[in-house]
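# Observations on the model geometry
Chain by chain, the residues run as shown.
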Amino acid sequence: TSGLVMAARTKVAFDVLTKAIKEERIDKRYLLVCEARDLPESGTIEIPLAPHPKDRRRVLPCVHPRDVERYEPRPAHTTYKKISERDGYALVEARAGKAMRHQIRAHFAALEHPLVGDVLYGGKSVEGLARHALHASLISWGGDSTVPAFTVRSPLPADIANLVGGE
């Protein structure tokens, strides 16, 4: 995944921002590209996630109640909206409040819309993209008495933008 990473410069700031992430008070947005076919214009994905029992590199979306009982997954939700479509691909903005490891990748794969280039979760490889098409594009915090407000954006990199007609 390319894009923004948040880092605190002090222990106090780290504690404030960690709590804010857990309480989903930090706005984190991602841009991704997946197959457009039958993808609704917007939605919420509420599928709990657990470590994959056979592949440590992956997480398991626990769709079936049997998996929820067996693997004791953590709740996870992702909201999304389709921004544009081109040549069978959709550019999508996704929000994941806590953004657990591989959450967006696993959620879109569970919807049968794996990210382009995400071979770990069933996405297809494409010429000109040597990774999965996921980019952390915005982080915003409203601020408090310890950590001032900020909003940071990162433009879509060329390798992903080229898939959907960006520059």
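Note that the coordinates shown come from a computational prediction; the quantities given were computed from them, not determined experimentally. (Residues numbered from 1 in each chain as written. Predicted model: local features only at pLDDT ≥ 70, side-chain atom pairs only at ≥ 80, totals over all residues. Heavy atoms only, no water.)

### Here we look at the overall build of the protein chain
Cut-off, in case you're wondering: Put simply, DSSP H or I for four residues or longer makes a helix, DSSP E for two residues or longer makes a strand, and each gets a number counted from the N terminus. The reference for a compact globule is 2.2 Å times residues^0.38; the radius of gyration itself is calculated from the C-alpha atoms. Each residue's exposure class comes from its accessible area (1.4 Å probe, protein chains only) as a fraction of the maximum for that residue type: buried when under 20%, exposed when over 50%, partly exposed otherwise. Each accessible area is a Shrake-Rupley estimate made with a 1.4 Å probe; only the visible protein chains count as cover when residues are assessed. Under this rule, positive means Lys or Arg and negative means Asp or Glu; His and the chain ends count for nothing. Just so you know, the charge point we use is NZ for Lys, CZ for Arg, CG for Asp and CD for Glu.
When helices and strands are tallied, the protein chain shows 4 helices and 9 strands. N-terminal to C-terminal, the α/β element order of the protein chain is β-α-β-β-β-β-α-β-β-α-β-β-α. In terms of overall dimensions, the protein chain is globule-like: its C-alpha atoms have a radius of gyration of 17 Å, near the 15 Å expected for 167 residues. With 167 residues in all, the protein chain has 44% of them scored as buried. Of the roughly 9,600 Å² of accessible surface on the protein chain, a fraction of 50% belongs to carbon and sulfur atoms. Taking the 25 positively charged and 21 negatively charged side chains of the protein chain as two groups, their mean positions are separated by 6 Å.

### Focus: the pairing of strand β2 (residues 26–35)
The cut-off we apply is this: Pairs of strands are assigned from DSSP output, requiring at least two bridges between the strands.
Counted residue by residue, β2 has 7 buried out of 10 residues, so it is predominantly covered. Sheet topology places β2 next to strand β8 (residues 134–141); 7 bridges connect them, and they run antiparallel. Directly across from Asp27, in β8, lies its bridge partner Ser140. One ladder, built from 7 bridges, connects β2 with strand β7 (residues 89–95); its direction is antiparallel. Looking across to β7, one finds that Glu35 is bridged to Tyr89.

### Considering the pattern of salt bridges
Side-chain pairs of opposite charge can arise where the charged atoms are in close proximity. We apply this condition: Whenever Lys or Arg places a side-chain nitrogen within 4 Å of a carboxyl oxygen from Asp or Glu, that contact is recorded as a salt bridge.
Under the definition given, this model contains 15 salt bridges. Where Asp27 meets Arg95, a salt bridge forms, and the shortest distance between an N and an O atom there is 3.8 Å. Separated by 68 residues along the polypeptide, Asp27 in strand β2 and Arg95 in strand β7 bring together distant segments of the chain. What makes Asp27 partly exposed here is its relative accessible area of 21%. Put simply, Arg131 and Asp159 hold a salt bridge, and the shortest N to O gap is 2.9 Å. Placement of Arg131 in the loop between α3 (103–110) and β8 and of Asp159 in helix α4 (residues 158–161) is noted, with a sequence separation of 28 residues between them. With relative accessibility at 23%, the residue Asp159 sits in the partly exposed group. Each of Asp27, Arg29, Glu93 and Arg95 takes part in a single network of salt bridges with overlapping partners.

### Brief notes about unusual backbone geometry
A positive phi is found at Glu24, a non-glycine position, where the angle reads about 55°. Position of Glu24 among the secondary structure elements: in the loop between α1 (11–22) and β2. Here His102, not a glycine, exhibits a phi torsion of approximately 65°, which is positive. Within the secondary structure layout, His102 lies in the loop between β7 and α3.

### Details of the nonpolar core
Keep this limit in mind: The set of buried Ala, Val, Leu, Ile, Met, Phe, Trp, Tyr and Cys residues whose side-chain atoms join them within 4.5 Å is what this entry labels a nonpolar core. Whether two residues touch is decided by their heavy atoms; if any such pair falls within 4.5 Å, the residues are in contact.
The biggest cluster of nonpolar side chains holds 17 residues, and the ones touching the most others in it are Leu32, Cys34, Leu39, Tyr80, Val92, Ile104 and Phe108. Sorting the residues of this core by element identifies β2, β7, α3 and β8 as the ones contributing at least two each. The residues contacting Phe108, other than those within four sequence positions of it, are Leu32, Cys34, Leu39, Ile45, Thr78, Tyr80, Val92, Ala94, His113, Pro114 and Leu115.

### What about the packing of aromatic side chains?
Heads up, the condition is: Each pair of aromatic rings taken from Phe, Tyr and Trp, with Trp reduced to its six-membered ring, is defined by centres within 6.5 Å and is described as stacked if the planes are under 30 degrees apart, edge-to-face if over 60, and tilted in the remaining cases.
Taken as a whole and judged by the stated rule, the model has 1 aromatic pair. Centroid distance Tyr80 to Phe108: 5.4 Å. Interplanar angle 65°. Geometry classified as edge-to-face. One end of the pair, Tyr80, is in strand β6 (residues 77–86); the other, Phe108, is in helix α3, with 28 residues separating them in the sequence. Among the residues examined, Tyr80 registers a relative accessible area of 7% and is labelled buried. Here Phe108 falls in the buried class, since its relative accessible area comes to 0%.

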